[in-house]
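Next come the chains, spelled out residue by residue.
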Amino acid sequence: MRVAINQWIILFSLSTISFISQAQIPQRLTQQVATTFIGNAHLHYFEDTKGDVTFAQVQQMKFAPVQRANNSFGFSKHSFWFRFKLQNTQQGQTDWMLEINNPLLDYLDFYYKQGNVWKKISMGDLLPFDQRPFYSHNFVIPLKIHNKKTQTYYIRVKTSSNLQLPINIASPRAFYKKHDREKLIANLEYGILLLTIIYNLFIFLSLRHISYLLYVLCIGNALLSLMGIKGYSLQYLWPNWPQFNNDSLLFFIGLFDCFFALYTIYFLRTKKYAPRLNKILFPLAIIAPISGIISFIDVDLAVKLVLPLGMLLTPMVVYTSIVCYRKGFVAARFFILAWAVLLLGTPPYILGTMGIIPFNFIVQHLTDLGFVLAVILLSLALVDGYSYEKKNKEMAQKQMLEMQKDINEKLETKVQERTQQLQEKTNETIAQNEELQQQQEEILSQNEFIATTNEQLKRESKKTQESIKAARAIQNAMLPNEVKLNDLFGAEHFVIYRPKDIVSGDFYWVSQVKSRMKTENLWPANSTQGKTDTLQLTTKTLQAKEVLFLAVVDCTGHGVPGALMGMIGHSLLNEIVNDLGVSDTNKILDRLNEKISQELIQENNLSLNRGMDVCLCKLEKQSDGQTQVTFTGSKRPLYYVNEQGLQELRGDRITIGGWGNRKIPHFGSQTILLQPGNMLYLTTDGISDAPNDQRKSFGTRRLKTFFENYAHLPVAEQRQHLEKMLEKFCRGTEQRDDITLFGLRIS
């Protein structure tokens, strides 16, 4: 069965291989570019999750383009196949150098075609160093590509470390120039570190100060760790022990963490200046070498222990040095400066490896420069610390002599002064006792006054609460009750109405009216100049039919001010529609805007700059069973769900009321036809602004998604689902605004 599946995969891959090969762009090699990075459209990969795909099979597999910065795939136990093509456009040059700048890859197999035969080169840090075709700490392979030819190459990688495959192609001249420059920098860096170790070791043998010994052990393990990360330890120290080289890297890092924590403890005198941090650093110094030893047993477990431990130790040491400096240990200044220099070079290096900034020569070696400077500064810190300690001892001895000299002279004077002070203190104590007694009497009097005032405040608060509760009852009586809504809409509606406070700045309004007689003024079209125009009145009698008006209104503010504004808005809507007979939705909001400004005298009183946002609809039943909906909105939209899904009508960007709306253009109106069963939603912004415990709002997009997904359900179930969704989203938070939503299914 497995063989049949593999054959089917190979046949399917053969049918698509021509398309795949066209999708991969060959990397052109030119003289103008000294070094070329292979990535993106030029490098494709295939992930072998089981690790059993052969080279013959992988040639038929479908490869995908690498779209990751610096060709990085993170930590993975899978095998990865990479394919790229090189096209030599340089006349007369056939020799090129391929370099993979990641010496920590466990296994790396390079496949190239020589004539009609595919050949393989096996490398990796778990294989002897002598197997490499080129003597370098990185993986370097000399290539020979004929002029105007395109050559395909495959690379198989499997590693327990971070799978990162930075492939660079360069001419031999450019490669050797870069290679020699890197060796020079490495020799300088490692030479400086070695000289620092020897110098401080001699100082330790002279002074017998434990800080110097810990510093030497710390820098020594840092040197071994750095050589392991760069690939130089396998090249120079133990080229025939690849397994030891692979396992010892985490061991040396663990020892570095151990001795660096101990060096921090002894140098910064944490027991004196930071005793709490000392209790944290000392256990870390014990755990670090243990986690390093585990690397010889289980590398994966050691990675999970050593790397997080190092990430925890670094900020702890920086914070400890700052604390000690602030508490008076001046020698910690070089310690802080060393970390500042080291950390300044780290962000550019990380950004370069991620592909955010150019990963050039300077960015690549910023961490090396920062590390060397940090080591030098730490060495200066030792000298400064020793000088500081010596100076403090000399000052202490001098002070002791002066104190011993003065103490005999001042002893009698001190006794007399103390006796006199005790007498004065006794007199002061008697006077203070009298003052305390007076203060106690005043406190008792103030407590009585506070208790009386508190009772008055409680009575006033109770009256206020009762008044607001009465206002809530009045406001609820103003709203359409359930009996009226059932008479108008039947059971095909639902309302979610949640005031933020006891009373609400939101309200919903319903009115049922009949069309009235309309009088139209018709002027003669052919009136002549100089003659008196005659006004002709023509009366058209329209068939009376019931029209429903439905509005959801969000007034400025909430609580008592919003509720009072809502009472005004409710009263004015009834007056405009029911008394004045205005039936056009846009004219209703025009009149409402005018009357709000007039009633609140907003033109002359800027402090009453209050208004409201309105979603207003007029529903008219048509003879063919459809319902005509005329909509006008003041900064509020209208949502409806029909056969095409969720639709939205946007309102005008005009607020009802406010002194800034005196010269605002008139409102417009929009008309739609809805079939029976379609849903109509009117809402304020309360649901969209509802927050969760992370201070993120429920949002209009989530609300619109709910309308579209749940509109087919009965209205009662829609309300239950929306209330549960709101309760789950807003759990543990306080309601931010008044919430009102009116849902209606067209009958």
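Here, the structure is the one placed above.
Everything in this summary refers to the structure shown in the same document. In this text the structure is predicted, and so the values were computed from the model without any measurement.

### Considerations on the overall build of the chain
The number of helices and strands found in the chain is 17 helices and 26 strands. In the chain, buried positions account for 43% of the 747 residues. Put simply, of all contacts in the chain between residues at least 6 apart along the chain, 72% involve residues at least 24 apart.

### Some points on the pairing of strand E7 (residues 95-100)
Consecutive residues of a regular strand have side chains that alternate between opposite faces of the sheet. Extensive coverage of E7 is indicated by the burial of five of its six residues. Inspection of the sheet shows E7 paired to strand E10 (residues 139-144) by six bridges, in the antiparallel sense. Across the sheet, residue aspartate 95 finds its bridge partner in E10, namely lysine 144.

### Description of the side chain of serine 136
Within the fold, serine 136 resides in the loop between strand E9 (117-123) and E10. A polar atom in the side chain of serine 136 sits 3.3 Å from the backbone nitrogen of asparagine 138. Among all residues touching serine 136, those that are not within four sequence positions of it are Phe129, His179 and Gln235.

### Let's talk about the packing of helix H6 (residues 242-267) against helix H8 (residues 275-293)
The geometry of H6 relative to H8 is characterised by a closest axis approach of 7 Å and an angle of 160 degrees between their N-to-C directions. Taken together, the axes of H6 and H8 lie roughly antiparallel to each other. Of the two elements, H6 crosses H8, and the hand of that crossing is left-handed. Contacts from Leu250, Phe251, Gly254, Leu255, Asp257, Cys258, Ala261, Leu262, Thr264 and Ile265 of H6 reach H8 at Asn278, Leu281, Phe282, Ala285, Ala288, Pro289, Gly292 and Ile293. Looking at the contact of H6 with H8, its residues break down into 13 nonpolar, four polar and one charged.

### Things to note about the packing of aromatic side chains
One pass over the structure, following the stated rule, counts 38 aromatic pairs. The interplanar angle of 80 degrees and the centroid separation of 5.6 Å between the aromatic rings of tyrosine 497 and tyrosine 508 together place this pair among those described as edge-to-face. With tyrosine 497 in strand E14 (residues 493-498) and tyrosine 508 in strand E15 (residues 506-514), this residue pair connects regions lying eleven residues apart in the sequence. Residue tyrosine 508 is classed as buried on the basis of its relative accessible area, which comes to 9%. For the pair tyrosine 681 and phenylalanine 707, a centre-to-centre distance of 4.0 Å together with 10 degrees between the ring planes defines the contact as stacked.

### Topic: the nonpolar core
Generally speaking, soluble globular proteins have nonpolar side chains that are buried together. Among the nonpolar cores identified, the biggest contains 52 residues, and Leu592, Met612, Leu638, Leu682 and Phe742 are the most heavily contacted of them. Of the residues forming this core, the biggest block, eight residues, is contributed by strand E18 (residues 546-555). Setting aside chain neighbours within four positions, we find leucine 592 in contact with Gly569, Leu572, Leu573, Ile576, Met612, Val614 and Ile656. By size, the runner-up hydrophobic cluster in this structure holds 44 residues, among which are Ala186, Tyr190, Leu226 and Phe329.

### Here we look at empty space enclosed by the protein
This model, assessed by the stated rule, comprises three cavities of 30 Å³ or more. Of the pockets and cavities examined, the second largest cavity occupies roughly 40 Å³. Taken together, Leu224, Gly228, Ser233, Trp238, Asn245, Ser248, Leu249 and Phe252 form the lining of the second largest cavity. For the lining of the second largest cavity, the elements supplying multiple residues, two or more each, are helix H4 (210-230) and H6. For the lining of the second largest cavity, the per-class residue count stands at four nonpolar, four polar and no charged.

### Quick notes on the sheet that holds E14
If you trace the five strands from one edge of the open sheet to the other, you get E14-E26-E25-E21-E22, paired in antiparallel fashion. Looking along the sheet, the strands with just one partner apiece sit at the ends: E14 and strand E22 (645-649). Here the average twist between neighbouring strands, direction ignored, is 15 degrees. Here five bridges tie strand E21 (residues 638-642) to E22, and the two strands are oriented antiparallel to one another.

### Section: the pattern of salt bridges
Counting across every chain of the model gives 13 salt bridges. Salt bridges sharing common partners tie together Glu99, Lys178 and Glu182.

### As for the side chain of aspartate 590
Topologically, aspartate 590 is positioned in helix H15 (residues 585-599). One buried charged residue, aspartate 590, forms no salt bridge at all, with the nearest opposite charge on lysine 587 at 8.0 Å. Excluding residues within four positions of it along the chain, aspartate 590 makes contact with His666 and Phe667.

### Observations concerning the environment of lysine 158
Checked against the element boundaries, lysine 158 lands in strand E11 (residues 150-158). Assessed through its relative accessible area of 32%, lysine 158 is described here as partly exposed. Sequence-wise, lysine 158 and tryptophan 81 are 77 residues apart; in three dimensions their C-alpha atoms are separated by 9.1 Å. Sequence-distant contacts of lysine 158, defined by excluding residues within four places in its chain, comprise Lys77, His78, Ser79, Asp106 and Tyr107.

### Description of the packing of helix H3 (residues 172-207) against H4
Between H3 and H4, whose axes approach to 8 Å, the crossing angle comes to 160 degrees. By the angle between their axes, H3 is roughly antiparallel relative to H4. Note on packing geometry: the crossing formed by H3 with H4 is left-handed. Contacts from Glu189, Tyr190, Leu193, Thr196, Ile197, Asn200, Leu201, Ile203, Phe204 and Leu207 in H3 reach Ile210, Tyr212, Leu213, Tyr215, Val216, Ile219, Gly220, Leu223, Leu226, Met227 and Lys230 in H4. Its residues assigned to classes, the contact of H3 with H4 comprises 16 nonpolar, three polar and two charged.

### Side note on the sheet that holds strand E2 (residues 35-38)
One open sheet accounts for four strands, arranged E2-E13-E7-E10; its pairing is antiparallel. Edge strands, defined here as strands with exactly one partner in the open sheet, are E2 and E10. The sheet shows a mean angle of 25 degrees between the axes of neighbouring strands, direction not considered. Across four bridges, the pairing between E7 and strand E13 (residues 167-170) is antiparallel. Residue pairing across strands places isoleucine 100 opposite isoleucine 167, the latter belonging to E13. The strands touched by H3 are E7, E10 and E13; relative to E7, the strand with the most contacts, the crossing angle is about 40 degrees.

### Here's the deal with the environment of glycine 231
Note on placement: glycine 231 falls in the loop between H4 and helix H5 (232-237). Expressed as a C-alpha distance, the spacing of glycine 231 and phenylalanine 139, which sit 92 residues apart in the sequence, is 9.6 Å. Here glycine 231 is in contact with Pro103 and His137, once residues within four sequence places are set aside.

### Examining the pairing of E11
With eight bridges connecting them, strand E6 (residues 79-88) and E11 associate as antiparallel partners. Pairing of phenylalanine 84 across the sheet is with tyrosine 153, part of E11. Judged from the five bridges that link them, strand E8 (residues 107-114) and E11 form a sheet pairing that is antiparallel. Opposite aspartate 109, over in E11, you have arginine 156 as the bridge partner.

### Here we look at unusual backbone geometry
Note: most peptide bonds trans; most residues except glycine with negative phi. Its identity is not glycine, yet lysine 635 carries a phi of approximately 60 degrees, on the positive side. Within the fold, lysine 635 resides in the loop between strand E20 (627-634) and E21. The residue arginine 695 is not glycine, and still its phi comes out positive at about 65 degrees. Along the chain, the position of arginine 695 falls in the loop between strand E25 (679-683) and helix H16 (700-710).

Definitions and cut-offs
Residues numbered from 1 in each chain as written. Predicted model: local features only at pLDDT ≥ 70, side-chain atom pairs only at ≥ 80, totals over all residues. Heavy atoms only, no water. Helix = DSSP H or I, 4+ residues; strand = E, 2+ residues; numbered from the N terminus. Buried < 20%, exposed > 50% of the residue type's maximum accessible area, 1.4 Å probe, protein only. Contact = heavy atoms within 4.5 Å. Pairing = 2+ DSSP bridges. Polar contact = N/O pair within 3.5 Å; in protein donor to acceptor, adjacent residues only side chain to side chain. Axes fitted to C-alpha atoms, helices over the stretch in contact; angles between N-to-C directions. Parallel < 35°, antiparallel > 145°, perpendicular 65-115°, else oblique. Left-handed = near helix turned anticlockwise from the far one by under 90°. Nonpolar A, V, L, I, M, F, W, Y, C, P; charged D, E, K, R; others polar. Phe/Tyr/Trp six-rings, centres within 6.5 Å; stacked < 30°, edge-to-face > 60°. Core = buried A, V, L, I, M, F, W, Y, C linked by side-chain atoms within 4.5 Å. 1 Å grid on protein atoms, 1.4 Å probe; cavity = no way out; pocket = protein on both sides within 12 Å on 5 of 7 lines; lining within 4 Å. Points joined across faces, edges and corners; volume = space filled by probe spheres on them. Salt bridge = Lys/Arg side-chain N within 4 Å of Asp/Glu carboxyl O. Lys, Arg positive; Asp, Glu negative; His and termini not counted.

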